[in-house]
Every structure is written in structure tokens, then in C-alpha cells.
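# Residue-level structure breakdown
Here is how the chains run, residue by residue.
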Amino acid sequence: MSQATFGQQPTYASTDDFDIAVSEDKRAFTLTFTNMLAAVDAGTLPEPVATRTFSFVMPLESAPDTVQISFVVSGFALASKAANGYAVLSVNGRTGVLEFPSGTEQEFVLELELEAEPTSECRISLFLLAERELADPLAGATVSALNIDADVLPRPV
């Protein structure tokens, strides 16, 4: 019985600021971002909110029936007092959210597993938000994503 694999290239991408590597067996891929960053800089930008969105569609091939796929986003978040941020990953309508409250300074991992249909597509969106309170122009926040890893999980025996 054949196993599910990812196609070699996404069918659509919203930005050119990434590299994609598909594993030799095509059961995993890694997107590495060169500039996936939402930042509200303390004291320099008048805007209280910054966002960054990335979306693409990755084909799924040769699936005999439904398959489980794991998606993992790695990144970094920094939020001073009076600021915060969010990382939102959505795949085929399933969504995971991380909130970074005031005082956050940390690396993060956002994980999402889903069940995909045979010969379907993985519609993947990543949204980053950094915001600060209007009353505090010296507050700042940064949320950045380094990569997205995806793996077709082994079928239960």
C-alpha cells in the first residue's frame, strides 16, 4: 500500500521570503523564512500594530486514505510592558494560537496535527501580530517565525 507524500513545490505562495526543502522520501518538508517578522518598535513607529502573513498550498499525493500530518512552527517572541503578540497557524481550517503577553521574551514552538484526505491539499497560513497600547509609545513587541516543519505521521499498525 502506498504512503502519502508531499508534492515537490507549493502550488501557491504569498511571499518569496522563504526556502522550501522536501525530504527525499517526500514525507516531510521544511519552510525556512528569511523575513517572517511582525514588529512594533518602541519609540520609533507611530503605528501600534504590525502584522505579517504567509500562506501557501502544498499538494498531498498518493494517500490511500486519510493521513495524520504534524505541523510545527518555531520562532521567537518579545513583548515589553504594555505590548503583546500572537502567532496563529491555520491548516485546512484547523487553527492553533499562541499568545505572548507583556514581559514575554522566549523562543516558541506552535504545534498542530490534522487529518488530511487522500490526494488533497494542505492549505497553510501563518499570521504574526505584534501590538502595543496606544497610551505607551515606548512599548515594543516582536514576533518572528523561523520555520515550519511538516511530517506525515506513520500509519498505526
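Check the entry above for the structure.
These numbers were taken from a predicted model, which means no experiment stands behind them.

Relative to the elements of secondary structure, Gly85 occurs in strand β8 (residues 83–91). Looking at Gly85, the relative accessible area reads 1%, which means it is buried. For the pair Gly85 and Ala141, spaced 56 residues apart in the sequence, the C-alpha separation amounts to 6.6 Å. Dropping the residues within four chain positions of it, Gly85 is found in contact with Leu98, Glu99, Phe100, Leu129, Ala130 and Val143.

Okay, the pattern of salt bridges next. Evaluated as defined, the whole model comprises two salt bridges. For Arg52, the salt bridge goes to Asp17, with nearest N and O atoms at 3.0 Å. Within this pair, whereas Arg52 is found in strand β6 (residues 49–61), its partner Asp17 is found in the loop between β2 (12–13) and β3 (18–22), the two being separated by 35 residues in sequence. Classification of Arg52 by relative accessible area gives buried; the value is 18%.

With that settled, the discussion passes to the environment of Ala87. As for its placement among the helices and strands, Ala87 is situated in strand β8. Among the residues examined, Ala87 registers a relative accessible area of 0% and is labelled buried.

This brings us to the packing of aromatic side chains. Following the criterion strictly, the structure yields six aromatic pairs and no others. Here the aromatic rings of Phe18 and Phe54 are separated by 5.0 Å at their centres, their planes lie at 75°, and the arrangement is edge-to-face. Residue Phe18 is found in strand β3, and its partner Phe54 is found in strand β6; the two are separated by 36 residues along the sequence. Among the residues examined, Phe18 registers a relative accessible area of 14% and is labelled buried. Centroid distance Phe54 to Phe56: 5.3 Å. Interplanar angle 55°. Geometry classified as tilted. Just as Phe54 is buried, Phe56 falls in that class too. Among the aromatic side chains, those forming a connected cluster through ring pairs are Phe6, Phe18, Phe29, Phe33, Phe54 and Phe56.

Moving on, we come to the nonpolar core. With 44 residues, the main nonpolar core has Phe6, Phe29, Ile69, Phe71, Leu89, Ile124 and Leu126 as its most contacted residues. When residues no more than four places from it in sequence are discounted, the contact partners of Phe71 are Phe29, Leu89, Val91, Leu110, Glu111, Leu112, Leu114, Cys122, Ile124, Ile148, Asp149 and Ala150.

Turning our eyes to something else, we now look at the pairing of strand β5 (residues 37–40). With burial as the criterion, only one face of β5 is covered, namely that bearing Ala38 and Val40; the residues Leu37 and Ala39 on the opposite face remain uncovered. In this structure, β5 lies alongside strand β12 (residues 141–152), joined through four bridges in antiparallel fashion. Bridge pairing links Leu37 to Ser144 in β12.

Parameters and conventions
Residues numbered from 1 in each chain as written. Predicted model: local features only at pLDDT ≥ 70, side-chain atom pairs only at ≥ 80, totals over all residues. Heavy atoms only, no water. Helix = DSSP H or I, 4+ residues; strand = E, 2+ residues; numbered from the N terminus. Buried < 20%, exposed > 50% of the residue type's maximum accessible area, 1.4 Å probe, protein only. Contact = heavy atoms within 4.5 Å. Salt bridge = Lys/Arg side-chain N within 4 Å of Asp/Glu carboxyl O. Phe/Tyr/Trp six-rings, centres within 6.5 Å; stacked < 30°, edge-to-face > 60°. Core = buried A, V, L, I, M, F, W, Y, C linked by side-chain atoms within 4.5 Å. Pairing = 2+ DSSP bridges.

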